[in-house]
Amino acid sequence: MLGNAQPAIAAFAATVVQWQLRAGRRGLPWQHTRDPYRIWLSEIMLQQTQVGTVMGYYERFLARFPTVQDLAAATQDEVMPYWAGLGYYARARNLHRCAQEICQNWNGSFPPSADEIMQLPGIGRSTAAAIAAFAYGQRSPIMDGNVKRVFTRYFGIFGDPSVRATEKCLWETAQAVVDAAPPDLDMTAYTQGLMDLGSSHCARGRPDCAACPLATHCYARLESRQAELPTPKKKKQSGQRQCAMLILQKENTILLEQRPSPGIWGGLWSLPQFDDAESLRIACGNMGVEVATERKMAGLQHVFSHFKLHIEPWHIVSDQIETTEPRPNQAWVSLNDLPATALPAPVKKILDGLFLA
DNA sequence: AATACGTGGAC
DNA sequence: TGTCCAAGTAT
């Protein structure tokens, strides 16, 4: 699995630190704080999500929930609008649960070590290590996509990084680097520097080895195998699904339905969804609503990480809907309240097109 | 081990 | 257009 080169490990961490302090990122909103709450929030938002996407969400979330106590005191329905559009909504649900655990079991303070932090919901090994490194200076190595790119290239680690054996090798290497570093290692700069390097000079497409501080002993550069590392994942074909969504409008309101957890969009409020137009028509009939074919809107496709969804929206306007009470997981929502409602991205797109035009 | 879980940026 | 994948975790 390892390449032939014998890369220098003794000076690795110090080199990263020096480069970070000189050329790394400095102005990100979650840097320059040791508040575990702010660090934790940023790490959760940044899971599988690009920095630029997170920025606005981070500021809005912190303004509404400035402390872990504020977050714990809120309801999940109050939290979800601040996550809507970011994706992977289990992160928000776990974040909320985690805040309550911290307030109930840890007296409102984060656990003092990465091992204990990792026991909390939504926090895995890498996120726990990042929080402990940034908040406490603990020498706990992280292993995210950036670090995987730097390490597989520098140390010549072949094999899909998501496969257990490769992953194990990466973690052991990361630990070995920290163990080989001097006792006064600046853990904040090291951790940040690794990610900065992975997202800049050691980016996936065309790595800029000429500018990289690790180039002299980097396996991939020395062997000209940058394009092979990290070993790409084997791609799995993604399926396609189809659905009909109902925009049922009664005067100034529409009918929304809260999605179950776990599951796609769990906790968000979405349009009533059916496998096909016929099922939608039957449901409308049960409410005494006729569905004319001309109510069908232009379809759209929404791409998830694991499948593509073809959505056929139907806009039904009726002020004489027979239902007295909506189902427990349904609600009539005023059009004025839509901007503050936790809507899935494609649903927001549909409703914006309909009611903001 | 393999799959579920969102959305958008980059090329 | 399609493909890859991003500061991953839970099951």
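Residues numbered from 1 in each chain as written. Chains lettered and ligands numbered in written order. Predicted model: local features only at pLDDT ≥ 70, side-chain atom pairs only at ≥ 80, totals over all residues. Heavy atoms only, no water.

1. Some details on the protein's contact with DNA strand B
Then, number 1: Near DNA strand B lie 20 residues; those nearest to it are Tyr89, Arg164, Trp265, His302 and Val303.
Then, number 2: Sugar plus phosphate, as a fraction of atoms of DNA strand B within 4 Å of the protein: 60%.
Then, number 3: Trp265 places a polar main-chain atom, nitrogen or oxygen, 2.6 Å from a phosphate oxygen of DNA strand B.
Then, number 4: Counting residues per element, the ones that place at least two in the surface near DNA strand B are strand 5 (300-303) and helix 14 (345-355).
Then, number 5: Its residues assigned to classes, the surface near DNA strand B shows 10 nonpolar, 9 polar and 1 charged. (Near = heavy atom within 4 Å. Polar contact = N/O pair within 3.5 Å; in protein donor to acceptor, adjacent residues only side chain to side chain. Helix = DSSP H or I, 4+ residues; strand = E, 2+ residues; numbered from the N terminus. Nonpolar A, V, L, I, M, F, W, Y, C, P; charged D, E, K, R; others polar.)

2. Examining the packing of helix 9 (residues 145-155) against helix 11 (residues 187-199)
Then, number 1: The geometry of helix 9 relative to helix 11 is characterised by a closest axis approach of 8 Å and an angle of 75° between their N-to-C directions. Taken together, the axes of helix 9 and helix 11 lie roughly perpendicular to each other. Facing Asn146, Val147, Arg149, Val150 and Phe151 of helix 9, the residues of helix 11 in contact are Tyr190, Leu194, Met195, Leu197, Gly198 and Ser199. (Axes fitted to C-alpha atoms, helices over the stretch in contact; angles between N-to-C directions. Parallel < 35°, antiparallel > 145°, perpendicular 65-115°, else oblique. Contact = heavy atoms within 4.5 Å.)

3. Notes on the protein's contact with DNA strand C
Then, number 1: Around DNA strand C, the structure places 24 residues, and the nearest of them are Trp30, Gln48, Gly122, Asp144 and Asn146.
Then, number 2: If you look at DNA strand C and keep only atoms within 4 Å of the protein, 64% of those are sugar or phosphate atoms.
Then, number 3: At 3.4 Å, a backbone N or O of Ile123 approaches a phosphate oxygen of DNA strand C.
Then, number 4: At 2.9 Å, a side-chain N or O of Thr127 approaches a phosphate oxygen of DNA strand C.
Then, number 5: Sorting the residues of the surface near DNA strand C by element identifies helix 8 (125-136), helix 9 and helix 11 as the ones contributing at least two each.
Then, number 6: Looking at side-chain class alone, the surface near DNA strand C contains 8 nonpolar, 9 polar and 7 charged residues.

4. Some thoughts on the pattern of salt bridges
Then, number 1: Evaluated as defined, the whole model comprises 8 salt bridges.
Then, number 2: Among the salt bridges present, the one from Asp196 reaches Arg25, with a minimum N-O distance of 2.7 Å. Taken as a pair, Asp196 in helix 11 and Arg25 in the loop between helix 1 (12-23) and helix 2 (36-45) lie far apart in primary sequence, 171 residues in all.
Then, number 3: Take Arg25: its relative accessible area is 28%, and that puts it in the partly exposed class.
Then, number 4: Its salt-bridge partner being Glu167, residue Lys148 comes within 3.9 Å of it at the nearest N-O pair. Placement of Lys148 in helix 9 and of Glu167 in helix 10 (residues 164-180) is noted, with a sequence separation of 19 residues between them. (Salt bridge = Lys/Arg side-chain N within 4 Å of Asp/Glu carboxyl O. Buried < 20%, exposed > 50% of the residue type's maximum accessible area, 1.4 Å probe, protein only.)

5. So, the environment of Cys243
Then, number 1: By secondary structure assignment, the location of Cys243 is in strand 1 (residues 239-250).
Then, number 2: We classify Cys243 as buried; its relative accessible area is 3%.
Then, number 3: Separated by 29 residues in sequence, Cys243 and Leu214 place their C-alpha atoms 50 Å apart.

6. Things to note about the domain arrangement of chain A
Then, number 1: For chain A, the assigned domains are domain 1 (12-228) and domain 2 (239-355).
Then, number 2: Averaged C-alpha coordinates put domain 1 and domain 2 at centres separated by 37 Å.
Then, number 3: Each partner contributes to the interface: domain 1 provides 9 residues, whereas domain 2 provides 12 residues.
Then, number 4: Summing the contributions of domain 1 and of domain 2, the shared interface buries around 720 Å²; its carbon and sulfur component is 55%.
Then, number 5: Area buried by domain 1 at its contact with domain 2 is led by Asp77, Tyr89 and Arg93, which between them contribute 51% of it.
Then, number 6: The interface formed by domain 1 and domain 2 holds 0 salt bridges in total.
Then, number 7: In this structure, the connection of domain 1 to domain 2 is made through 3 residue pairs in polar contact (both at pLDDT 80 or more).
Then, number 8: Considering only residue class, the side of domain 1 that touches domain 2 consists of 5 nonpolar, 2 polar and 2 charged. (Domains from an automatic or database assignment. Buried area = accessible area lost by both parts, 1.4 Å probe.)

7. A short note on the pairing of strand 6 (residues 307-317)
Then, number 1: In the sheet, strand 1 pairs with strand 6 via 11 bridges, with the strands oriented parallel. When the sheet's bridge partners are listed, Arg241 is paired in strand 6 with Leu309.
Then, number 2: Two strands pair when backbone bridges link them, and strand 5 and strand 6 are joined in this way by 4 bridges, in the antiparallel orientation. Bridge pairing in strand 6 places Val303 opposite Lys308. (Pairing = 2+ DSSP bridges.)

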